[in-house]
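Observations on the three-dimensional arrangement
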Amino acid sequence: MLFRSAQSALADAIAMDPSHAWSHMLMAKIFLELKRYREANSSLEQALSHAFEVRESPLFFLLRAQCHEKQGEWKEALSVLQGAFNLPGVSKAAPAGAAGRGKAKAPTPEERAQIFIHLATVHNELGQTPEATKIIVEAKREFHGTPAHAHGRSRCSPISARSEERRVGKECRSRWS
C-alpha cells in the first residue's frame, strides 16, 4: 500500500515535470518493489531519454540489473553489471579528493557494495562459480574494515575461503534485492 501511494504521488510530480530524470529513476525503484518490471524498465528508459548522464549513475545500472534479475534474465543482468563495474570508482574506490573532477559523481560505498554482490550473485546463477568467488574475494579486500563489510558479514557470515563457492549468492541474494 505504501509503495502504491508513493507511486501515485510521484506520478503526479512527473506529470508536472516529465523531464525530471531522477523522478523517473525513483519511479523505476517503486515499480521494482511492486514487481512491475516492464514498467520499471520503461521508467529507466524515460530517465535516460531526459538526461543521458544517468547512464553514468551506478543507481541506473543497479535498477536495470535488478529488472533483469527479477525476470531471470541472468545474461542481460551480467552485461549490465559488467558495465556498472567499469564505471569510474566502482571496481576500485576513487582516491580521496577525486570526486568532482569529472562529470560523474563518485559512487557511494553502498552502491559499490551492491554492484559487487549483484555481480557475484549473477555469476553464480549462471554457473560461473569461479568468477563469483573472484568477485567475493575482491569485495572482501575492497570493503574490509568498512561499514559495508561489517553489514555484509552480519547478513552473510560466516564466509570462509573454502565455503565461498558453495555459499555465494545463496545467502546474500536477498541482502541487496
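So, how was this worked out
- Residues numbered from 1 in each chain as written.
- Predicted model: local features only at pLDDT ≥ 70, side-chain atom pairs only at ≥ 80, totals over all residues.
- Heavy atoms only, no water.
- Helix = DSSP H or I, 4+ residues; strand = E, 2+ residues; numbered from the N terminus.
- Buried < 20%, exposed > 50% of the residue type's maximum accessible area, 1.4 Å probe, protein only.
- Contact = heavy atoms within 4.5 Å.
- Axes fitted to C-alpha atoms, helices over the stretch in contact; angles between N-to-C directions.
- Parallel < 35°, antiparallel > 145°, perpendicular 65-115°, else oblique.
- Left-handed = near helix turned anticlockwise from the far one by under 90°.
- Nonpolar A, V, L, I, M, F, W, Y, C, P; charged D, E, K, R; others polar.
- Phe/Tyr/Trp six-rings, centres within 6.5 Å; stacked < 30°, edge-to-face > 60°.

Observations regarding the overall build of the chain
- The helix and strand tally for the chain stands at ten helices and zero strands.
- Along the chain, helices and strands appear, N-terminal first, in the series α-α-α-α-α-α-α-α-α-α.
- Residues classed as buried in the chain amount to 43% of the 177 residues present.
- Considering only contacts in the chain between residues 6 or more positions apart, those separated by 24 or more positions represent 58%.

With respect to the packing of helix H4 (residues 58-70) against helix H5 (residues 74-85)
- Here H4 crosses H5 at 170 degrees, and the two axes come no closer than 8 Å. As the angle between them shows, H4 and H5 are arranged roughly antiparallel. Between H4 and H5 the crossing geometry is left-handed. Taking contact as the criterion, the partners of Phe61, Arg64, Ala65, His68 and Glu69 in H4 are, on H5, Trp74, Glu76, Ala77, Val80, Leu81, Gly83 and Ala84.
- Residues belonging to the contact of H4 with H5 are distributed by class as follows: seven nonpolar, two polar and three charged.

Describing the environment of proline 107
- If you trace the backbone, proline 107 turns up in the loop between H5 and helix H6 (109-125).
- Distance from proline 107 to valine 90, taken between C-alpha atoms, is 6.6 Å for residues 17 residues apart in sequence.
- Those residues in contact with proline 107 that lie beyond four places of it in its chain are Pro58, Pro88, Gly89, Val90 and Arg112.

Regarding the packing of aromatic side chains
- Inspection of the entire model under this criterion finds three aromatic pairs.
- A centroid spacing of 6.0 Å and a plane angle of 85 degrees characterise the contact between phenylalanine 60 and phenylalanine 61, whose relative ring orientation is edge-to-face.
- Take phenylalanine 60: its relative accessible area is 5%, and that puts it in the buried class.
- Judged by its relative accessible area of 15%, phenylalanine 61 falls in the buried class.
- Relative to phenylalanine 116, the ring of phenylalanine 85 lies with its centre 5.1 Å away and its plane at 75 degrees, an arrangement referred to as edge-to-face. Here phenylalanine 116 lies in helix H6 and phenylalanine 85 lies in helix H5, a separation of 31 residues in the sequence. Here the two residues phenylalanine 85 and phenylalanine 116 agree in accessibility, since each one is buried.

Considering the environment of valine 54
- By the secondary structure assignment, valine 54 is in the loop between helix H3 (37-50) and H4.
- Sequence spacing of valine 54 and tryptophan 22 is 32 residues, and the spatial spacing of their C-alpha atoms is 8.3 Å.

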